[in-house]
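What follows is each chain in one-letter form.
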Amino acid sequence: METEAILRRMEEMIGEKPLPQLLMSKVIPEWIPRQMDERQFVMQLPNIPEKYKHLIMIAVAAAVGSKMCTEVFTKIAKRRGVTEREIGEAILVARFALASTIFATVTPALEWLVGGD
């Protein structure tokens, strides 16, 4: 599939032009088919249902702080039938998981605090 056709397909999936991909297509156009191939590969893996994959993408994007990816993944998921409630729960799961990592991060400092000098 040619780059322009892939970009149109991405726009249909999202409901708007995929700005990062549009910009990258001006720099390295041969990457665009690879991006779509990787998406198709992941979405066609058989063990995790498509809905869950969309929810995972939203949760990861939110956890790493990517506003743009969170918004795009949410729009795609909604267009693919994922409910607002499911998306909301995925975001809360991501928030809990990210907040919980604080304990792993501070464990050495806590050990030092409770162990003394």
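Residues numbered from 1 in each chain as written. Predicted model: local features only at pLDDT ≥ 70, side-chain atom pairs only at ≥ 80, totals over all residues. Heavy atoms only, no water.

## Digging into the pattern of salt bridges
- By the definition in use, this model includes six salt bridges.
- Taking the shortest distance from any N to any O, the salt bridge between Glu-11 and Lys-17 comes out at 3.4 Å.
- By sharing partners, the salt bridges in this structure join Glu-16, Glu-71 and Lys-75 into a single network. (Salt bridge = Lys/Arg side-chain N within 4 Å of Asp/Glu carboxyl O.)

## Comments concerning the nonpolar core
- One finds Leu-55, Ile-58, Ala-77, Val-82, Ile-87 and Ala-90 forming the largest nonpolar core, which totals six residues.
- The set of elements that each furnish at least two residues to this core consists of helix H4 (50-63) and helix H6 (84-115).
- The contact partners of Ile-58, leaving out residues within four places of it in the chain, are Thr-70, Phe-73, Thr-74, Ala-77, Ile-87 and Ile-91.
- Listed in part, the five residues of the second largest apolar core include Leu-7, Met-10, Ile-32 and Met-36. (Core = buried A, V, L, I, M, F, W, Y, C linked by side-chain atoms within 4.5 Å. Buried < 20%, exposed > 50% of the residue type's maximum accessible area, 1.4 Å probe, protein only. Helix = DSSP H or I, 4+ residues; strand = E, 2+ residues; numbered from the N terminus. Contact = heavy atoms within 4.5 Å.)

## A closer look at the layout of surface pockets
- One number sums up the size of the largest pocket: a volume of about 520 Å³.
- Ile-14, Gln-21, Gln-35, Val-72 and Phe-73 are the residues nearest the centre of the largest pocket, which is lined by 22 residues in total.
- Of all the elements in the fold, those that place two or more residues in the lining of the largest pocket are helix H1 (3-14), helix H2 (19-27), helix H3 (31-44) and helix H5 (67-79).
- Here the residues of the lining of the largest pocket are counted per class, giving 15 nonpolar, two polar and five charged.
- When its volume is computed, the second largest pocket comes out at roughly 170 Å³.
- Lining the second largest pocket are Arg-9, Met-13, Met-36, Arg-39, Gln-40, Met-43, Glu-50, His-54, Ile-76 and Arg-80.
- The element contributing the most residues to the lining of the second largest pocket is H3, with four residues.
- Residues of the lining of the second largest pocket, tallied by class, amount to four nonpolar, two polar and four charged. (1 Å grid on protein atoms, 1.4 Å probe; cavity = no way out; pocket = protein on both sides within 12 Å on 5 of 7 lines; lining within 4 Å. Points joined across faces, edges and corners; volume = space filled by probe spheres on them. Nonpolar A, V, L, I, M, F, W, Y, C, P; charged D, E, K, R; others polar.)

## Section: H4
- Between its first and last C-alpha atoms H4 spans 20 Å; for 14 residues at 1.5 Å apiece the expected length is 20 Å, and the two agree.
- For H4, every residue scored as buried is listed here: Lys-53, His-54, Leu-55, Ile-58, Ala-59 and Ala-61.
- The secondary structure elements touched by the buried residues of H4 are H3, H5 and H6.
- Positive backbone phi, approximately 85°, marks Gly-65, located one or two places after H4. (Expected span 1.5 Å × (residues − 1).)

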